[in-house]
Amino acid sequence: MSLGTAPVLALLVGSFHAFLFVLIRGSAGGRLPLIIGAAFLGAWAGDALGARLEIDLFRIGDFRVAVASVMAWVGIGLVSLIAILGPNRPKA
């Protein structure tokens with residue numbers, strides 16, 4: 001059983017977009033591991049979705065980078081939205 005290169009490329013694409021988000025925003029607010037995890041899972045799911053829907057805008061081998069990037073941002077957006085809508089922690 002072999003997973004191939006998709007998880008490795010998803011980790012690279014997801015990490016890149018997570019760090020780009022933090023660079024644009026200026027801070028992760030202590031949620032960097034969640035943002036990286038969501039971007040990684042979003043990129044991996046985006047590759048699978050792109051393969052299923054046969055969307056081939058930009059590829060590296062069998063990895064669909066364009067769809068993976070969009071889904072990584074969707075994952076980052078979900079984590080940010082949950083952080084905004086969730087309860088506030090008291091500042092120590």
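Here, the structure is the one placed above.
Everything numeric in this text was worked out from a predicted model, so none of it was measured.

Caption draft 1: Region of interest: the environment of glycine 37. With respect to the element layout, glycine 37 can be found in helix 2 (residues 32-53). With relative accessibility at 26%, the residue glycine 37 sits in the partly exposed group. Taking the C-alpha atoms as reference, glycine 37 lies 8.5 Å from glycine 75; in sequence the two are 38 residues apart.

Caption draft 2: The nonpolar core, seen in detail. The biggest cluster of nonpolar side chains holds 19 residues, and the ones touching the most others in it are Ala10, Phe21, Ile35, Ala39, Ala43, Phe63 and Ile76. Breaking this core down by element, the ones donating at least two residues are helix 1 (6-25), helix 2 and helix 3 (65-85). If one sorts the elements of this core by residue count, helix 1 sits on top with seven residues.

Caption draft 3: Up close: a nonpolar patch on the surface. Together, Val70, Val74, Leu78, Leu81, Ile84 and Leu85 give the surface a local cluster of nonpolar side chains, amounting to about 600 Å² of exposed area. Classification of valine 70 by relative accessible area gives exposed; the value is 52%.

Caption draft 4: Layout of the layout of surface pockets. Roughly 260 Å³ of internal volume is contained in the largest pocket. Forming the walls of the largest pocket are Arg31, Leu34, Val79, Ile82, Ala83, Ile84, Gly86, Pro87, Asn88 and Arg89. At four residues, the largest contribution of residues to the lining of the largest pocket is made by helix 3. The class makeup of the residues in the lining of the largest pocket is six nonpolar, two polar and two charged.

Caption draft 5: Layout of the packing of helix 1 against helix 2. Close contact between helix 1 and helix 2 brings their axes to 7 Å; oriented N to C, the two are set at 135°. With respect to helix 2, the axis of helix 1 lies oblique. In the crossing of helix 1 with helix 2, the sense of the turn from one axis to the other is right-handed. Where helix 1 approaches helix 2, its residues Ala6, Pro7, Ala10, Leu11, Val13, Gly14, Ser15, Ala18, Phe19, Phe21 and Val22 are matched on the opposing element by Leu32, Ile35, Ile36, Ala39, Phe40, Ala43, Trp44 and Asp47.

Caption draft 6: Representation of the packing of aromatic side chains. Counting across every chain of the model gives two aromatic pairs. Consider the rings of phenylalanine 21 and tryptophan 73, whose centres lie 6.2 Å apart with planes at 75°: the pair is edge-to-face. Here phenylalanine 21 is found in helix 1, whereas its partner tryptophan 73 is found in helix 3, with 52 residues between them in sequence. With relative accessibility at 31%, the residue tryptophan 73 sits in the partly exposed group.

Caption draft 7: Looking closely at the pattern of salt bridges. Within this structure, the stated rule accounts for four salt bridges. The partner of arginine 64 in a salt bridge is aspartate 56, with the nearest N and O atoms 3.2 Å apart. Take aspartate 56: its relative accessible area is 42%, and that puts it in the partly exposed class.

Procedures and definitions
Residues numbered from 1 in each chain as written. Predicted model: local features only at pLDDT ≥ 70, side-chain atom pairs only at ≥ 80, totals over all residues. Heavy atoms only, no water. Helix = DSSP H or I, 4+ residues; strand = E, 2+ residues; numbered from the N terminus. Buried < 20%, exposed > 50% of the residue type's maximum accessible area, 1.4 Å probe, protein only. Core = buried A, V, L, I, M, F, W, Y, C linked by side-chain atoms within 4.5 Å. Patch = residues over 30% accessible without salt bridge, like charges linked within 9 Å, V, L, I, M, F, W, Y side chains within 5 Å. Areas by Shrake-Rupley, 256 points an atom, 1.4 Å probe, with all protein chains shown as cover. Salt bridge = Lys/Arg side-chain N within 4 Å of Asp/Glu carboxyl O. 1 Å grid on protein atoms, 1.4 Å probe; cavity = no way out; pocket = protein on both sides within 12 Å on 5 of 7 lines; lining within 4 Å. Points joined across faces, edges and corners; volume = space filled by probe spheres on them. Nonpolar A, V, L, I, M, F, W, Y, C, P; charged D, E, K, R; others polar. Axes fitted to C-alpha atoms, helices over the stretch in contact; angles between N-to-C directions. Parallel < 35°, antiparallel > 145°, perpendicular 65-115°, else oblique. Left-handed = near helix turned anticlockwise from the far one by under 90°. Contact = heavy atoms within 4.5 Å. Phe/Tyr/Trp six-rings, centres within 6.5 Å; stacked < 30°, edge-to-face > 60°.

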